[in-house]
Amino acid sequence: MNVVFAVKQYISKMIEDSGPGMKVLLMDKETTGIVSMVYTQSEILQKEVYLFERIDSQNREIMKHLKAICFLRPTKENVDSLIQELRRPKYSVYFIYFSNVISKSDVKSLAEADEQEVVAEVQEFYGDYIAVNPHLFSLNILGCCQGRNWDPAQLSRTTQGLTALLLSLKKCPVIRYQLSSEAAKTLAECVKQVISKEYELFEFRRTEVPPLLLILDRCDDAITPLLNQWTYQAMVHELLGINNNRIDLSRVPGISKDLREVVLSAENDEFYANNMHLNFAEIGSNIKNLMEDFQKKKPKEQQKLESIADMKAFVENYPQFKKMSGTVSKHVTVVGELSRLVSERNLLEVSEVEQELACQNDHSSALQNVKRLLQNPKVTEFDAARLVMLYALHYERHSSNSLPGLLVDLRNKGVSEKYRKLVSAVVEYGGKRVRGSDLFSPKDAVAITKQFLKGLKGVENVYTQHQPFLHETLDQLIKGKLKESLYPYVGLSTLRDRPQDIIVFVIGGTTYEEALTVYNLNRSTPGVRIVLGGTTVHNTKRVQDEDLLAAFSKLQDKGLKIQWVDGIPPSPAWPPLPNP
């Protein structure tokens with residue numbers, strides 16, 4: 001199961017089916033991102049696609065010498081735009097591909113608009129999701145729920161994206177969901193309904209063990225998205241932000257014009273592909289080796305061109321040299337900026353305390369370390385609020401809970417109300433009352449023994465002690481021990497055997513740390529193939545500013561008082577809001 005390969009195959013098939021000749025690729029906002037994740041512009045140019053246009057662009061020229069390949073989501077806006085396009089066609093012939101199921105009535109409307117008979121074919125190609133890594137996909141949806149309830153439009157989009165993923169991988173799964181989440185149950189039932197309604201599409205060759213779709217909710221583990229990361233891909237997303245493989249470096253001090261935005265894609269960047277899952281210390285060493293290789297090759301390119309043979313050799317080697325030069329400068333810049341931010345924000349020390357909050361159970365030590373860091377002027381308000389959120393989640397019901405005092409410390413540090421409000425929101429979102437799991441204490445004798453032995457041996461890397469709760473869930477699932485009482489099936493279908501093909505979907509978004517867990521499980525568990533997806537791929541800023549916790553902060557802004565579990569009162573720094 002490889003989601004990048006699945007989407008890439010669809011795009012290749014579209015282009016091949018249109019035949020030889022010059023072509024334009026007509027897309028919408030979402031399918032533009034879907035295509036750009038699996039193909040570079042230069043790769044598509046080699047397939048005689050010379051123009052890339054948006055269906056909603058008003059200024060497109062008439063070019064009757066071009067064939068149009070239309071790759072669009074089956075939305076009302078896109079169908080309406082396509083109807084207008086077909087009434088006044090700008091291209092000679094149209095090959096239309098929808099990224100999901102299109103209704104018969106919409107197909108009829110398109111046929112009626114095609115008075116000039118320019119449409120060669122209309123097909124459904126189910127590339128309706130963002131393929132991030134071979135084992136990771138996203139729907140790029142922020143704010144999928146309103147409080148604990150689905151936003152109806154986002155529920156529809158998520159159902160479409162998830163069913164398209166299943167169709168592209170040719171899987172008709174048995175479905176399980178997290179019982180503690182009403183949102184997970186709703187999505188599971190919606191996906192089941194689509195499979196039943198479109199049963200002909202899901203008639204794939206039966207396997208001995210049916211595939212499994214497991215639907216989870218982010219609120220069961222609010223810790224993982226709040227932690228600093230130390231592997232390359234996860235760290236870049238945490239500190240710089242990855243948006244459809246693009247990284248905005250425009251705020252980097254002294255950045256050159258050609259490096260203000262760079263692309264990190266494992267499909268087209270060998271160094272990134274080989275290093276994306278390695279930790280930051282290893283990246284530094286590998287960057288040095290990359291630089292040394294580049295320096296060895298550089299003098300040869302700068303030799304005098306004294307003969308035709310020299311010139312020929314230079315021309316043949318120049319593209320490869322130029323590509324290597326671009327790779328070196330890009331990664332040196334990215335790693336340099338990561339290093340600067342780590343130093344500037346004191347992230348080594350911050351991360352060590354984060355890991356203690358996530359993995360250890362020493363309240364006195366944790367409280368002391370959090371208070372110490374809140375006094376450190378190098379610790380940003382963003383990181384200070386994150387530390388207090390982690391404390392609030394872990395020690396929510398501790399007898400010596402000191403959260404009100406920490407909130408006062410945040411105010412005294414000058415942390416804005418926006419961030420202070422999120423401390424309460426994170427407890428409301430992912431606190432003990434909400435979780436179906438126990439994030440912080442081992443549940444059986446084996447787990448307790450493992451933790452004890454880990455404590456005796458010490459930790460190999462204090463910055464990467466944490467394992468996402470997803471690791472334990474998948475481990476239990478692979479062994480056939482995941483409790484049906486906590487993760488029930490939808491309908492009557494159940495699995496008697498251990499699952500082999502597993503698709504995990506996280507409502508509220510997944511993380512690169514969880515993607516790394518899946519990557520490692522795929523490598524270490526023969527016969528098991530896992531794909532992970534979510535409504536988005538989180539970093540801490542996205543969690544705080546845009547998505548999960550924002551919904552609960554907005555509830556407070558409207559006057560809804562969030563109750564503290566076990567009667568812990570709000571801090572004086574943050575009085576409950578009066579009703580309007």
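What counts, and at which threshold
- Residues numbered from 1 in each chain as written.
- Predicted model: local features only at pLDDT ≥ 70, side-chain atom pairs only at ≥ 80, totals over all residues.
- Heavy atoms only, no water.
- Axes fitted to C-alpha atoms, helices over the stretch in contact; angles between N-to-C directions.
- Helix = DSSP H or I, 4+ residues; strand = E, 2+ residues; numbered from the N terminus.
- Parallel < 35°, antiparallel > 145°, perpendicular 65-115°, else oblique.
- Left-handed = near helix turned anticlockwise from the far one by under 90°.
- Contact = heavy atoms within 4.5 Å.
- Nonpolar A, V, L, I, M, F, W, Y, C, P; charged D, E, K, R; others polar.
- Buried < 20%, exposed > 50% of the residue type's maximum accessible area, 1.4 Å probe, protein only.
- Phe/Tyr/Trp six-rings, centres within 6.5 Å; stacked < 30°, edge-to-face > 60°.
- Lys NZ or Arg CZ within 6 Å of the ring centre and 35° of its normal.
- Pairing = 2+ DSSP bridges.
- Polar contact = N/O pair within 3.5 Å; in protein donor to acceptor, adjacent residues only side chain to side chain.
- Expected span 1.5 Å × (residues − 1).
- Bend = angle between axes of the 7 residues up to and from the residue.
- Right-handed = clockwise from strand over helix to strand, strands pointing away.
- pLDDT = per-residue confidence, 0-100.
- Patch = residues over 30% accessible without salt bridge, like charges linked within 9 Å, V, L, I, M, F, W, Y side chains within 5 Å.
- Areas by Shrake-Rupley, 256 points an atom, 1.4 Å probe, with all protein chains shown as cover.
- Salt bridge = Lys/Arg side-chain N within 4 Å of Asp/Glu carboxyl O.

Asks: It is not clear to me how the packing of helix α4 (residues 76-87) against helix α5 (residues 104-113) should be interpreted in this structure. Could you clarify?
Replies: Between two packed helices, both the angle of their axes relative to each other and the distance between the axes serve to describe the pair. Packing of α4 against α5 brings their axes to within 8 Å, and their N-to-C directions diverge by 20°. As far as their axial angle goes, α5 and α4 are roughly parallel. The chirality of how α4 crosses α5 is right-handed. Touching Val 79, Leu 82, Ile 83, Leu 86 and Arg 87 of α4 are Asp 106, Ser 109, Leu 110 and Ala 113, all from α5. Taken together, the residues of the contact of α4 with α5 break down into six nonpolar, one polar and two charged.

Asks: Looking at this structure, how should I read the environment of Glu 48?
Replies: Tracing the backbone through its elements, the reader meets Glu 48 in the loop between α3 (41-45) and β2 (49-54). Note: C-alpha distance between Glu 48 and Lys 23 (25 residues apart in sequence) is 6.1 Å. Leave out the neighbours within four places in its chain, and Glu 48 touches Pro 20, Gly 21, Met 22 and Lys 23.

Asks: Could you clarify how one ought to interpret helix α8 (residues 232-239) in this entry?
Replies: One turn of the α-helix equals 3.6 residues, which is why residues spaced by three or four share an orientation. Burial within α8 is extensive, with eight of its eight residues counted as buried. Those residues of α8 lying buried are Tyr 232, Gln 233, Ala 234, Met 235, Val 236, His 237, Glu 238 and Leu 239. Where α8 ends, the next residue or the one after it, Gly 241, has phi of about 90°, a positive value.

Asks: Looking at this structure, how should I read the packing of aromatic side chains?
Replies: Think of a pair of aromatic rings as described by two things: how far the centres are apart, and how the planes are tilted against each other in angle. With the rule as written, the count across this model stands at ten aromatic pairs. Where Tyr 232 meets Tyr 272, the ring centres are 5.9 Å apart and the plane angle is 70°; that geometry is what we call edge-to-face. Taken as a pair, Tyr 232 in helix α8 and Tyr 272 in helix α9 (residues 270-275) lie far apart in primary sequence, 40 residues in all. Overall, Tyr 272 belongs to the buried group, its relative accessible area being 2%. The ring of Tyr 39 has Lys 8 sitting right over it, with the charged end atom 5.1 Å from the ring centre.

Asks: Mind showing me how you'd approach the sheet that holds strand β4 (residues 93-98) here?
Replies: Two modes of strand pairing occur in sheets, parallel and antiparallel, and in both the strands are linked by backbone hydrogen bonds. Reading across from one edge, β2-β1-β3-β4-β5 is the order of the five strands in this open sheet, with parallel pairing throughout. Of all the strands in the sheet, just β2 and β5 (119-124) have a single pairing partner and so form its edges. Across this sheet, the average inter-strand angle for adjacent strands is 15°, counted without regard to direction. With five bridges joining them, strand β1 (residues 23-27) and strand β3 (residues 67-72) adopt parallel strand pairing. Looking at β3, one finds that Leu 25 is bridged to Ile 69.

Asks: Is there a simple way to think about the side chain of Asn 100 in this case?
Replies: In this fold, Asn 100 is placed in the loop between β4 and α5. For Asn 100, the side chain forms a polar contact with the main-chain oxygen of Gln 160, separated by 2.8 Å. Excluding its chain neighbours within four sequence positions, the residues that come into contact with Asn 100 are Pro 74, Glu 124, Phe 125, Tyr 126, Asp 128, Gln 160, Gly 161, Thr 163 and Ala 164.

Asks: Quick question: what am I supposed to make of helix α16 (residues 417-430) here?
Replies: Taking 1.5 Å per residue as the helical rise, α16 with its 14 residues ought to reach 20 Å, and the 20 Å between its terminal C-alpha atoms agrees with that figure. The sharpest bend along α16 measures roughly 30° and falls at Ser 424. In terms of burial, α16 is a largely internal element, twelve of the 14 residues being buried.

Asks: Could you clarify how one ought to interpret the packing of helix α6 (residues 152-168) against helix α7 (residues 182-197) in this entry?
Replies: Orientation of α6 relative to α7, taken along the N-to-C sense of each, is 55°, at an axis distance of 10 Å. The pairing of α6 with α7 is recorded here as oblique in orientation. For the crossing formed where α6 meets α7, the hand is right-handed. Only Thr 186, Leu 187, Cys 190, Val 191, Val 194 and Ile 195 of α7 make contact with α6, whose side of the interface consists of Leu 155, Thr 158, Thr 159, Leu 162, Thr 163 and Leu 166. Along the lines of polarity and charge, the residues of the contact of α6 with α7 split into eight nonpolar, four polar and no charged.

Asks: For this particular structure, what's the right way to read unusual backbone geometry?
Replies: Glycine aside, residues mostly have negative phi angles, and peptide bonds mostly take the trans form. Positive phi values are uncommon outside glycine, yet Glu 117 reaches one of about 50°. The exposure class assigned to Glu 117 is exposed, which follows from its relative accessible area of 69%.

Asks: Hey, could you run me through the pairing of β5 in this one?
Replies: A regular strand places its side chains on the two faces of the sheet in alternate fashion. Pairing of β4 with β5, which is carried by five bridges, proceeds in the parallel orientation. Bridge pairing in β5 places Tyr 97 opposite Gln 123. For the crossover that starts at β4, traverses α5 and ends in the parallel β5, the hand is right-handed.

Asks: I would appreciate a short explanation of the confidence of the model for the protein in the present structure.
Replies: Fine structural detail should not be taken from predicted coordinates in areas where pLDDT scores are low. For the protein, the average pLDDT comes to 83, and 84% of its residues sit at 70 or higher. For the protein, per-element mean pLDDT is lowest for helix α17 (residues 445-457), which scores 44, and highest for strand β16 (residues 529-534), which scores 96. Low pLDDT, under 50, characterises residues 443-460; the stretch is placed with nine contacts to residues that sit more than four places away or in other chains. Throughout residues 557-580 the model reports pLDDT below 50, and contacts reaching past four residues in sequence, or to other chains, amount to 45 contacts.

Asks: Just checking my understanding: could you explain the pairing of strand β6 (residues 130-133) for this structure?
Replies: Bridge count for β6 against strand β7 (residues 136-138) is three bridges, and the pairing is antiparallel. Bridge pairing links Asn 133 to Leu 136 in β7. In this antiparallel pair of consecutive strands, β6 and β7, the connection spans two residues.

Asks: Looking at this model, I keep getting lost on a nonpolar patch on the surface. Mind explaining?
Replies: On the surface, a nonpolar cluster with roughly 270 Å² of combined accessible area is contributed by Met 22, Leu 45 and Tyr 50. Along the chain, Leu 45 turns up in helix α3. Residue Leu 45 is classed as partly exposed on the basis of its relative accessible area of 35%.

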